[in-house]
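# Coordinate inspection notes
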Amino acid sequence: MTLTWTHLAGDGAARLGRLHTAHGTVETPVFMPVGTAGTVKAMTADAVRSTGARLILGNTYHLMLRPGADRVAQLGGLHRMMDWPGPILTDSGGFQVMSLAALRTLDADGVTFRSHIDGSAHRLTPEISVEIQRKLDATITMAFDECTPFPATEDDTRKSMELSMRWAARSRAAFQPRPGYGLFGINQGGVFPELRARSAEALEKIGFEGYAIGGLAVGEGQETMLSVLDGVVPLLPGDKPRYLMGVGTPDDILQAVARGIDMFDCVIPTRAGRTARAYTSRGVFNLRNARFAAEDRALDEDCPCPLCARHSRAYLHHLFRCEEMLGPMLLTWHNIQYYQDLMAGIRAAIAAGRLAAHSDAVRARWAEGDQ
Ligand SMILES: [Zn+2]
């Protein structure tokens, strides 16, 4: 039996659930830290686990270039290579080919491109992407799709969506079902409700273990993103997990969970951790700011991470000013802890049937700040 998802409780459109995979179970709604090249940057796998994270993301594009899918397979797969026995979702490589690679040539069959690292030539098709993800031993494989540029006309978005739906069917055919593993399809259609609806219908006809929503958080703004979710989420199968790709800020997550999204990934907490931006229960702070130079208190008194338990804001400010690598390490840990605690709070609130009140209280604390 492939990967399954159980609906445990509902609160409005929000859902509490459990993913059952070959590599363990995961409570949803869930946030996946991004482990781009076989590592969640600046974190040991133990540290990632200690935050409560149970599902992480790996990037096919980066791993196929270095160290290569065959090398990962030779090293026992991504789980063993990076000491992460839990479930791993890999993207299809399509998004990063469009955003990072040089000299891309798209055709009906796939995309040919040059590595942004050394200029070497590579090709991705639905079949090749699914095969690479199998070699990586991804628990959740993503269908290969074309990431529609934003903004795009309705006509260009339709052509791109239709290409992605043909590739979704080819990804399904190429995927080898294994117990506890699964393949997710990706809904496309930009900001056009009718295209999103046609994409949802096409994907359901093919049939997947989960349904992702792609092509959002690419510059359209939160209001537009949420209106797309309002239109398309009710059209996705109710008994399968729903994954909003590349989202987002803590507020994006609160809003999307309320609309029925179960899974998220985003580079925000890790990238911010390397650039002195702290996500806290009292809002977002830049630790380079001089106001923190003498503050001998915890970054976030509600947070159990080692940074908040043992160090002062002033120390973290000092580490970033001196460009010590411990600064990004500690703040990445904290930011991931904050995101995991945000999700744990969301899950508890759904179980108690009080997500709306909980979300209002979380937002009120952000607005209050820490003065
Ligand atoms: Zn902390």
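Everything below is about the structure shown above.
Remember, it's a predicted structure, so these values are computed and weren't measured experimentally. (Residues numbered from 1 in each chain as written. Predicted model: local features only at pLDDT ≥ 70, side-chain atom pairs only at ≥ 80, totals over all residues. Heavy atoms only, no water.)

### Here's the deal with the environment of serine 312
Keep this limit in mind: Runs of E in the DSSP output that reach at least two residues are strands. Runs of H or I that reach at least four are helices, and both are numbered from the N terminus. Each residue's exposure class comes from its accessible area (1.4 Å probe, protein chains only) as a fraction of the maximum for that residue type: buried when under 20%, exposed when over 50%, partly exposed otherwise. Every residue pair with non-hydrogen atoms within 4.5 Å of one another is taken to be in contact. Pairs of N or O atoms within 3.5 Å make up the polar contacts considered here, provided that, within protein, one atom can donate a hydrogen while the other can accept it, and that residues adjacent in sequence are counted only when both atoms are side-chain atoms.
Counting through the fold element by element, serine 312 comes out in the loop between helix 12 (306-310) and helix 13 (313-321). Judged by relative accessible area, which is 14%, serine 312 ranks as buried. Those residues in contact with serine 312, other than ones at most four positions away along the chain, are Glu295, Asp296 and Arg297. Polar side-chain contacts of serine 312 include one of 3.0 Å to the backbone nitrogen of tyrosine 315.

### A closer look at the packing of aromatic side chains
We count it as follows: Stacked, edge-to-face and tilted labels apply to pairs of Phe, Tyr and Trp rings (six-membered ring for Trp) whose centres lie within 6.5 Å, assigned for plane angles under 30 degrees, over 60, and everything in between, in that order. Note on geometry: a ring has a charge over it if NZ (lysine) or CZ (arginine) is within 6 Å of the ring centre and within 35 degrees of the ring normal.
If you walk through the whole model with that rule in mind, you get seven aromatic pairs. Aromatic side chains phenylalanine 144 and tryptophan 167 sit 5.0 Å apart centroid to centroid with 25 degrees between the ring planes, which places their arrangement in the stacked category. With phenylalanine 144 in the loop between strand 11 (140-142) and helix 7 (154-174) and tryptophan 167 in helix 7, the pair connects residues that are 23 residues apart, well separated along the chain. For the pair phenylalanine 144 and tryptophan 167, one class covers both residues: buried. Relative to phenylalanine 292, the ring of phenylalanine 285 has its centre 5.9 Å away and its plane inclined at 55 degrees; by these criteria the two rings are tilted. Of the two residues, phenylalanine 285 and phenylalanine 292, neither departs from the other in class, the shared state being buried. Grouped by ring-pair contacts, the aromatic residues Phe31, Tyr279, Tyr338 and Tyr339 constitute a single cluster. The residue whose ring lies beneath arginine 291 is phenylalanine 285, and the NZ or CZ to ring-centre distance is 5.4 Å.

### A few points about the coordination of the zinc ion
Stated precisely, the cut-off is as follows: Each metal site lists N, O and S donors within 2.8 Å (3.2 Å for Na, K and Ca). With water left out of the atoms, a site can look as if it is missing ligands. Four donors are marked tetrahedral only if all angles between them lie between 85 and 135 degrees, whereas four are marked square planar and six octahedral if opposite donors are more than 155 degrees apart and the other angles lie between 65 and 115; the remainder are marked irregular.
Only Cys303 (SG), Cys305 (SG), Cys308 (SG) and His334 (ND1) from the protein reach the zinc ion as donors, at distances of 2.1 to 2.3 Å. In this structure, the zinc ion is surrounded by four donor atoms whose angles at the metal cover 99 to 118 degrees, and the resulting shape is tetrahedral. Summarised as a motif, the one-chain spacing of the donors to the zinc ion is C-x1-C-x2-C-x25-H. Taken together, the residues cysteine 305 in the loop between strand 17 (283-286) and helix 12 and histidine 334 in helix 14 (residues 326-351) connect sequence positions 29 residues apart.

### Quick word on the environment of valine 232
Tracing the chain through its elements places valine 232 in helix 9 (residues 222-232). Among the residues examined, valine 232 registers a relative accessible area of 1% and is labelled buried. Taking the C-alpha atoms as reference, valine 232 lies 9.8 Å from arginine 198; in sequence the two are 34 residues apart. Leave out the neighbours within four places in its chain, and valine 232 touches Asn187, Arg196, Ala200 and Ile213.

### Observations regarding the pairing of strand 8 (residues 102-106)
Under the convention used in this document: Pairing between strands is defined by DSSP: at least two bridges between them are needed.
Here three bridges tie strand 8 to strand 9 (residues 111-114), and the two strands are oriented antiparallel to one another. Pairing of threonine 105 across the sheet is with threonine 112, part of strand 9. Hairpin connection between strand 8 and strand 9: a loop of four residues separates the two successive antiparallel strands.

### A word on the state of the cysteines
Operational definition: Our working definition of a disulfide is a cysteine sulfur pair at a distance within 2.5 Å.
Under the counting rule described, the total for this entry stands at zero disulfides. The structure places no disulfide on cysteine 147, whose sulfur is separated from the nearest cysteine sulfur, that of cysteine 266, by 14 Å. The exposure class of cysteine 147 is buried, given its relative accessible area of 14%.

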